Amino acid sequence: MVKQTTASSPLLQVEDLGKTFGQKPPVQAVRGVNFSIAQGQTFGLVGESGSGKSTTGRLVLRLLEPSAGRVLFRGNDLGKLGKKELRQERRHMQMIFQDPYGSLNRWMSIRETLEEPLLVHGLLDPAGRKQRVETLLNEVGLPKAALDKYPHEFSGGQRQRIAIARALVTEPELIVADEPVSALDVSVQAQVLNLLLNLQESHKMTLLFISHDLRVVEFMCDQIAVMYLGQIMELGPRKAIYRTPQHPYTRALLDSIPGRGKKELPRLKGEIPSPSAIPPGCPFNTRCPLAFDRCFREQPALYELSPGHVSACHLAEAEGQPQGRPNNIAMSPGTGA
Amino acid sequence: MSLEQSDNLVVEQAQTLDSGEVELPAAVQPWTTWKRLRRNFTAVFSIGILVILTVCALAAPLLTNNAPLTIDPVHRLRAPGVEGHLFGTDYLGRDVFAIVLFGGRTTLVVGLLVTAISMVIAAVLGLLSGFYPKVDAVLMRVVDGFMSFPSIVLATAAAGYFGPSVATVILALTIVLIWPSLRIVRGSALVARELLMVEAGRSVGVPESRILWKYVFPIVRAPILVQTSFIFSAAVLGEAALSFIGLGVDSKTVSWGSALTEARNYIQNAWWIAVFPGIALVLTILALNLLGDALRDILDPRLARR
């Protein structure tokens, strides 16, 4: 049943993904999200808190059940897998969580924590597991002595290294990193990011990197999608997003980075609206400094500005080619940075 | 944020560790609870009382030459200290000291068995109930049903139905005492289910059964331990109560509760028949409740620094 992944077909394809929580009122956390990630690439999801980026990450791994759309991983529809098949598939897709204090089982030693994925997937014999765990611990830069200790004996940065090692131990093809450094001290952030980059290279992993920090995303990612209220506002290769951003939201976010040259737009006012009360028209119209009457009536479609660079803004209409209905992105293959 | 502060403390160490030079502190996890226990006066005090009471019950034949059921009408209602009867004799001339000692055995057996059985059942059902909403919906209605009876009425009904014996007492008290514990375990499991580490375990691909055992059970272990001492004291008290109203142990078994019943008619002339078993009972219950409070303090991470 497993289709062979060829160079041209992406490792992960997300189609019209949506998630609504609750009923009164329904919270639309993710709405019609489309993107795809090619093998070996790092795809960044950026946005403020409440933009639905973490929910998207969990939907991709089916830690949450999507309300709409589907996720194709290695050509398989994850939504069609049974409980057991999904559990087995998890071997190939792992997650690194934001909070390294909460994501490790505090009752299990580091050795147990790292061996567990191998154990539950029936990989390797005991000697092989031991070997693999020790190699990996070395790769993430922790001494062998750490194996018989417990999570509370480590700092945040060390715990995140352990969490990274756990995510890598089954040699997954896809890793979803949900704000992996935002709970860490700035001094430790760079270490952990560099570690992730090195490991990605040596293990040939594909990374879905979720962050609210634009500088971190610029450092890490090949492709970047900017999310706002559960939708993708702008998506493109790193260079396009950082050098020629089109969407006013992207530009405002970039302006908010201290010491980044001239400010293009007036500073954003107010906060992101509640996902249970999304404004009609363009979701950004409550804060957009460039909003005009059309923005309050009509939801903008995604316009392609250059190959692989799309923006959901009425102002992009003049510059770009329409890309079908709102937020329906069909990424052309091989447009990586 | 306190999170960052605590992290700052270890950053230096983290950086030296990254270069692989510094040894990490020794693993202390399994010992911290024990250490805190030893430093807690209430815990040490109550454990001390319980140990003394247990030793007295177990070593009863060594501590007295009198059998608790030997009737000696000639020496009935003797005051404490007279003619080798340390606690005096009752209206049939039985040695009260022996009754207290051997009665402790009944208390011990009933308490241990009721606690063990009800806690195991409560732990298993509580975990399942907290973890699977479908099980929860059914089970909680059953619990509501049982808990809507006053417990002593329920225990009386059960004991009355099966007739007086030690086994009856154990059964009746178990039926009554499962439910509050089950509720507590379920509540903790509900909280544990939502923890990030459980989601992380799932994302790794850990099967549900292993999540339950390796991720959720360790968290509900602390409330179970605390509950154990309270259930033990409730069982001891319940046994005495059932025996007192004549639905407890049969007449061939000595127990503190039945000793108190028999003392009722003579209490104005011979206070010692009631007072000594009463003291033993009060001491046991007091020690168990103090231990439960102490355990709750020790195992509560929020109170750990106090």
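Worth saying up front: this structure is predicted, and the values here are computed from it rather than measured. Along each chain, the written sequence defines residue order, and numbers are assigned to residues from 1. The order in which chains are written sets their letters, starting at A; the order in which ligands are written sets their numbers, starting at 1. In view of the model being predicted, local features appear only for residues whose pLDDT reaches at least 70, and side-chain atom pairs are presented and counted only at 80 or more, with totals across whole chains, interfaces and linings using the full set of residues. As a convention, hydrogens and water are excluded, and side-chain values are obtained from all of the structure's heavy atoms.

## Quick look at the overall build of chain A
- Across its full length, chain A holds ten helices and 13 strands.
- The C-alpha radius of gyration of chain A comes to 20 Å, within 12% of the 20 Å expected for a compact globule of 337 residues.
- Reported as C-alpha extents along the three principal axes, the dimensions of chain A are approximately 65 × 50 × 45 Å.
- Looking at chain A as a whole, 58% of its 337 residues are labelled buried. Where helices and strands are cited, they refer to DSSP runs of H or I of at least four residues and of E of at least two residues respectively, numbered from the N terminus. Radius of gyration here is computed from C-alpha atoms only, and the compact-globule reference equals 2.2 Å multiplied by the residue count raised to the power 0.38. Accessibility here uses a 1.4 Å probe with only protein chains present; expressed as a share of the type maximum, an area under 20% marks a residue as buried, one over 50% as exposed, and anything in between as partly exposed.

## Considering the pairing of strand 7 (residues 174-178) of chain A
All names here are of chain A.
- Most of strand 7 sits inside the fold, with five of its five residues counted as buried.
- Burial along strand 7 is two-sided: the residues Leu174, Val176 and Asp178 and Ile175 and Ala177 are all buried.
- DSSP-based pairing: two strands are paired if at least 2 bridges between them are found. Pairing between strand 6 (residues 93-96) and strand 7: four bridges, direction parallel. Across the sheet, residue isoleucine 96 finds its bridge partner in strand 7, namely alanine 177.
- Across five bridges, the pairing between strand 7 and strand 8 (residues 206-211) is parallel.

## A few points about the packing of helix 3 (residues 110-120) of chain A against helix 10 (residues 208-244) of chain B
- Where helix 3 of chain A meets helix 10 of chain B, the axes come as close as 13 Å, and the angle between the chain directions of the two elements is 170°. One finds that helix 3 of chain A runs roughly antiparallel with respect to helix 10 of chain B. Here Glu112, Glu116, Leu119 and Val120 of chain A of helix 3 of chain A come into contact with helix 10 of chain B, specifically with Arg210, Lys214 and Tyr215 of chain B.
- Under the scheme applied, nonpolar residues are Ala, Val, Leu, Ile, Met, Phe, Trp, Tyr, Cys and Pro; charged residues are Asp, Glu, Lys and Arg; polar residues are all the others, including Gly. Taken together, the residues of the contact of helix 3 of chain A with helix 10 of chain B break down into three nonpolar, no polar and four charged. Only the stretch in contact is used when a helix axis is fitted, and all axes are lines through C-alpha atoms; the angle between N-to-C directions ranges over 0 to 180 degrees. What sets the label is the angle itself: under 35 degrees gives roughly parallel, over 145 gives roughly antiparallel, 65 to 115 gives roughly perpendicular, and the rest give oblique. The contact definition used throughout considers only heavy atoms, calling two residues in contact when any of these lie within 4.5 Å.

## Considering the confidence of the model for chain B
All names here are of chain B.
- Scored from 0 to 100, pLDDT records how confident the predictor is in each individual residue. Summarising the model, chain B shows a mean pLDDT of 83, and 88% of its residues fall at 70 or more.
- Under a pLDDT of 50 for its full length, residues 1-30 has, in the predicted model, 43 contacts with residues more than four places off or in other chains.
- The ipTM assigned to the predicted complex is 0.83, against a pTM of 0.78.

## Remarks on the domain arrangement of chain A
Residues and elements named next belong to chain A.
- Domain delimitation follows an automatic or database domain assignment. Its domain assignment divides chain A into domain 1 (12-221) and domain 2 (226-268 + 278-322).
- Relative to domain 2, the C-alpha centre of domain 1 lies at a distance of 28 Å.
- Defined in terms of a 1.4 Å probe, buried area is the accessible area two parts forfeit on being brought together, summed over both. Summing both sides of the interface, domain 1 and domain 2 together bury roughly 1,700 Å²; the carbon and sulfur share of this comes to 57%.
- Within this document, salt bridges are pairs made up of a side-chain nitrogen of Lys or Arg and a carboxyl oxygen of Asp or Glu, the two lying within 4 Å of each other. Counting every contact that joins domain 1 to domain 2 gives one salt bridge.
- The residue glutamate 48 makes a salt bridge to arginine 287 at a minimum N-O spacing of 3.0 Å.

## Things to note about the pattern of salt bridges
- All chains considered together, the criterion is met by 26 salt bridges over all chains.
- Across the pair arginine 215 of chain A and aspartate 213 of chain A runs a salt bridge whose closest N-O atoms are separated by 4.0 Å.
- Taking the relative accessible area as the measure of exposure, arginine 215 of chain A reaches 49% and is therefore partly exposed.
- A relative accessible area of 21% means that aspartate 213 of chain A is categorised as partly exposed.
- The structure contains a network of salt bridges with shared partners spanning Arg58 and Asp178 of chain A together with Glu199 of chain B.

## Notes on helix 4 (residues 126-139) of chain A
Residue and element names in this part refer to chain A.
- Any helix carries an expected span of 1.5 Å times its number of residues minus one. The first and last C-alpha atoms of helix 4 sit 20 Å apart over 14 residues, in line with the 20 Å expected at 1.5 Å per residue.
- Listed as buried for helix 4 are Gly128, Arg129, Arg132, Val133, Leu136 and Leu137. End-on, the buried residues of helix 4 take up no more than an arc of 165°, which puts them together on one face. Of the exposed residues in helix 4, the ones pointing more than 90 degrees away from its buried face are Ala127, Gln131 and Asn138.
- Two N or O atoms count as a polar contact when they lie within 3.5 Å, although within protein this holds only if one can serve as hydrogen donor and the other as acceptor, and sequence-adjacent residues are included solely when both atoms are side-chain atoms. Sitting at the head of helix 4, aspartate 125 places a side-chain oxygen 3.1 Å from the backbone nitrogen of alanine 127. By definition, the arc is the one covered by directions from the helix axis to the C-beta atoms.

## Details of helix 3 (residues 41-58) of chain B
Residue and element names in this part refer to chain B.
- Spanning 18 residues, helix 3 covers 26 Å between terminal C-alpha atoms, matching the ideal 26 Å at 1.5 Å per step.
- Buried residues of helix 3: Ala43, Ser46, Ile49, Leu50 and Ala57, and no others. Buried residues in helix 3, looked at end-on, bunch into an arc of 135°, giving them a common side. Turned more than 90 degrees from where helix 3 packs its buried face, Phe41 and Ile52 sit exposed.

## Regarding the confidence of the model for chain A
Residues and elements named next belong to chain A.
- Chain-level pLDDT for chain A is 86 on average; 91% of the residues reach the 70-or-more range.
- Taken element by element, the predicted model of chain A shows its lowest mean pLDDT in strand 13 (residues 321-322) (60) and its highest in strand 6 (95).
- The low-confidence segment residues 1-7 (pLDDT under 50) makes seven contacts with residues lying over four places distant or belonging to another chain.
- For residues 324-337, every residue scores under 50 in pLDDT, and the model assigns this stretch 40 contacts once sequence neighbours within four places are set aside.

## Section: the side chain of glutamine 160 of chain A
- Looking at the element boundaries, glutamine 160 of chain A is found in helix 5 (residues 156-168).
- Leaving out residues up to four positions away in the same chain, glutamine 160 of chain A has contacts with Ile96, Phe97, Gln98, Pro100, Pro180, Leu184 and Val192 of chain A.

## A short note on the packing of helix 9 (residues 196-204) of chain B against helix 10 of chain B
Residue and element names in this part refer to chain B.
- The contact between helix 9 and helix 10 brings their axes to 10 Å, and the two run at 160°. Here helix 9 is positioned roughly antiparallel relative to helix 10, judged by the angle of their axes. Judged by the sense of rotation from one axis to the other, the crossing of helix 9 with helix 10 is right-handed. On the side of helix 9, the interface is formed by Met197, Val198, Gly201 and Arg202, while helix 10 contributes Glu208, Ile211, Tyr215, Val216 and Ile219.
- For the contact of helix 9 with helix 10, the per-class residue count stands at six nonpolar, one polar and two charged. Less than a right angle of anticlockwise turn of the near helix away from the far helix marks a crossing as left-handed, whereas a clockwise turn marks it as right-handed.

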